Every structure is written in structure tokens, then in C-alpha cells.
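What the coordinates show
The primary structure of each chain is shown beneath.
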Amino acid sequence: MITKIYSTSFIFALLFQFCLTKLPPSIVPCHRDNPELEKCIIDAVENLRPLLATGDLGEGYQSPPLEPLYLDNIELGRGRQFEAVFSEMMVKGGSNFIINKLSANATNLSFDLVLTLPRLDFTGKYFMKLNVLLINIQGRGNMRGFCENAKALVKIRGVRVPMPDGLEYVRFTRLPLKINIDVFKLHLDNLFNGDRVLGEVGNTIINDNQDLYLQEIIPGLERGLSKKFLDIANMMMANTTFDEMFPL
């Protein structure tokens, strides 16, 4: 679930380096005709990793910080079988991402990334109604959890938009996401109105049957976060030309 969030956050932090008309000294731009463009981007990100964690790129330039990452409300569910709202979420561990594969085409504004996040820890608030094994589990309160070995496939597609001034601006049109999580554990306080015994039973059932509710959670997150980060990307690119993004 959280994988997608961090993978997209990383991508926008990565793309941010190409969006500035004057780059801070911490960033070395990658030219569009570089025969090793992917390696150039990966090397630039590795050099920036400590700065991406805080979002402070130097000389007043900022990017979305990865440590911690604060998330807006996430509403999930399908009918009476599953309903959940996660809010006030704080996630740690995103700066430890591993770039498994990157395919970049600057001319076509096409970027494909495969990322691994070894571990993410998160806290927040929740509201949940879940029917698992004919048992109705519900509650509202604090939550905490983690996921391990999370993998994300992220695709970004854009177009070059010509303007009357002769310049070409960048607009992103699609940002589909696919997520896979090996381990996902939750602990929800105040299940069954705070009944301690039933609460522990409910948490055990939830974590022993994670495939059942992850099938509900992941598709909703993929759709919702895809739209959210596509909007953010285009907001960041609003005043950026193609030549500024990928210089010759």
C-alpha cells in the first residue's frame, strides 16, 4: 500500500531536478542525448539521497521530503465487505529505496521504474469495517504497522506542448502504478470498541489473512494515488519548458 506512495514521491523528487531554471550546486543535470541517460539519472539520485530525505537541496531549493512522508486521507473499500479510511499518516523508510531498473526516453518523455523498498514503518488514524471469514471486524482509533520487500512498477508518460512563443512545455498525461508487497502487518487499536481480547483476535485475523484485504486495498490505492501524483507532476511542470527539463 505505502509502496506506491514512496515510489511516486521518489519519482517526483527525481524529476524535480530537471524543473529548475537555475539548478542548485547539489544537482548535476542529465542531458537528453547522453548515451547513458539511465545511469546518469541513477547516479544523480544516489548523490542526492541524503538531501532527498530532508527535501533541502541547498540555496533555498526544496523537494518533497521523504523522511518522514505525511499523507492525506486515503479512503478505500468495496460495498459492505470492506471499508476503511486512513488519515494523519506518517511513513518512515522511503529514502532507503533501491532502483532495480530504470528505462528513460527523454525525447518521448517516457520513464519506467522498478523500485524496491526494504521496509516502511507507518503510524496514523484509521476507521475500518472488514468482513473476514464471516467475522465482522470494525473499529476506529490509532494504527501502526510496517511493510517489507515492497516492489513497485511506475510508468510516467508525457507530451511536449508547443506554445505561441515557440517554446515547448512539458505535460504528463498518464502515471499508472502497480504494487506488490511481500509482508504487510497492521496493528489497529480500539477494535470492537476497545475490547482487549477481541481486539487482539481481530488483529491476528487481519494479519493472518492479509491477502484478502490487500486485494481490496491495493487497486484503490493504485487508482487514487496515480491521479494524485499526476496532478502534482503537472503542477510542478506548469512553467517548465522541455529544454529546461532536459538540456542539450
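Below or above, wherever it landed, is the structure these notes cover. All figures in this text were calculated on a predicted structure; none of them were measured in a lab.

Each value, and the rule that gives it
- Residues numbered from 1 in each chain as written.
- Predicted model: local features only at pLDDT ≥ 70, side-chain atom pairs only at ≥ 80, totals over all residues.
- Heavy atoms only, no water.
- Helix = DSSP H or I, 4+ residues; strand = E, 2+ residues; numbered from the N terminus.
- Buried < 20%, exposed > 50% of the residue type's maximum accessible area, 1.4 Å probe, protein only.
- Contact = heavy atoms within 4.5 Å.
- Phe/Tyr/Trp six-rings, centres within 6.5 Å; stacked < 30°, edge-to-face > 60°.
- Lys NZ or Arg CZ within 6 Å of the ring centre and 35° of its normal.
- Pairing = 2+ DSSP bridges.
- Salt bridge = Lys/Arg side-chain N within 4 Å of Asp/Glu carboxyl O.
- Core = buried A, V, L, I, M, F, W, Y, C linked by side-chain atoms within 4.5 Å.
- Expected span 1.5 Å × (residues − 1).
- Bend = angle between axes of the 7 residues up to and from the residue.
- Polar contact = N/O pair within 3.5 Å; in protein donor to acceptor, adjacent residues only side chain to side chain.

1. Topic: the overall build of the protein
Of the regular secondary structure elements, the protein holds five helices and 10 strands. Here the protein holds 248 residues, and the buried ones make up 49% of them. Restricting to contacts in the protein with at least 6 residues of sequence separation, those with at least 24 account for 69%.

2. Notes on the packing of aromatic side chains
As enumerated under the stated definition, the model contains one aromatic pair in all. With centroids separated by 5.7 Å and ring planes inclined at 20°, the aromatic side chains of Phe122 and Phe184 adopt a geometry described as stacked. Taken together, the residues Phe122 in strand E7 (residues 110–132) and Phe184 in strand E10 (residues 177–188) connect sequence positions 62 residues apart. Its guanidinium or amino end placed over the ring of Phe242, Arg160 lies 3.9 Å from that ring's centre, counting from NZ or CZ.

3. Considerations on the pairing of strand E9 (residues 168–174)
Inspection of the sheet shows strand E8 (residues 135–162) paired to E9 by six bridges, in the antiparallel sense. Residue pairing for E9: Gly158 is matched across the bridge by Phe172. Hairpin connection of E8 to E9: five residues between the antiparallel strands, including Gly166 at a positive phi of 90°.

4. Overview of the pattern of salt bridges
In total, this model carries eight salt bridges according to the counting rule given. Where Arg157 meets Asp112, a salt bridge forms, and the shortest distance between an N and an O atom there is 2.8 Å. Residue Arg157 is found in strand E8, and its partner Asp112 is found in strand E7; the two are separated by 45 residues along the sequence. Of the charged contacts in the structure, one is a salt bridge between Arg144 and Asp189, with a shortest N-O distance of 3.7 Å. On the criterion of sequence distance, the pair formed by Arg144 in strand E8 and Asp189 in the loop between E10 and helix H3 (196–208) is long-range, its members being 45 residues apart.

5. Some remarks on the environment of Pro50
Tracing the backbone through its elements, the reader meets Pro50 in helix H2 (residues 37–54). Assessed through its relative accessible area of 57%, Pro50 is described here as exposed. Pro50 sits 46 residues away from Asn96 along the chain, and the two C-alpha atoms are 9.9 Å apart.

6. Let's talk about the nonpolar core
Counting residues in each nonpolar core, the largest one holds 59 residues, and the members touching the most others are Phe86, Phe111, Met128, Met143 and Leu188. Sorting elements by how many residues they give to this core places E7 first, with 10 residues. If we skip the residues at most four places from it in the chain, Leu188 touches Tyr126, Met128, Asn142, Met143, Asn203 and Ile206.

7. Comments concerning the side chain of Ser95
Counting through the fold element by element, Ser95 comes out in the loop between strand E5 (82–92) and strand E6 (98–105). Judged by its relative accessible area of 12%, Ser95 is buried. In this structure Ser95 touches Arg49, Ala53, Leu66 and Glu67, once residues within four positions along its chain are discounted.

8. Digging into H2
The end-to-end C-alpha distance of H2, which contains 18 residues, comes to 26 Å, matching closely the 26 Å that a straight helix rising 1.5 Å per residue would cover. Residue Leu48 marks the point of greatest curvature in H2, where the axis turns by about 60°; the proline Pro50 follows within four residues.

9. Considerations on unusual backbone geometry
Phi is positive for Asn190, which is not a glycine, with a value near 70°. Along the chain, Asn190 turns up in the loop between E10 and H3. We note that Phe192 has phi near 50°; this positive angle belongs to a residue other than glycine. Inspection of the secondary structure assignment puts Phe192 in the loop between E10 and H3.

10. Some remarks on H3
In this model H3 runs 18 Å from its N-terminal to its C-terminal C-alpha over 13 residues, within 8% of the 18 Å that 1.5 Å per residue would give. Every buried residue of H3 is listed here: Gly199, Gly202, Asn203, Ile205, Ile206 and Asn207. For H3, the N-terminal cap is Asp195; the gap from its side-chain oxygen to the backbone nitrogen of Val197 is 3.1 Å.

11. Comments concerning the environment of Arg119
Relative to the assigned elements, Arg119 resides in strand E7. For Arg119, a relative accessible area of 33% corresponds to the partly exposed category. Distance in space between the C-alpha atoms of Arg119 and Gly93 is 6.3 Å, their sequence separation being 26 residues. Setting aside chain neighbours within four positions, we find Arg119 in contact with Lys92, Gly93, Phe146, Cys147 and Glu148. Looking at Arg119, its side chain comes within polar contact range of the side chain of Asp121, at 2.9 Å. Within the structure, the side chain of Arg119 is placed 2.9 Å from the side chain of Glu148, a separation counted as a polar contact.

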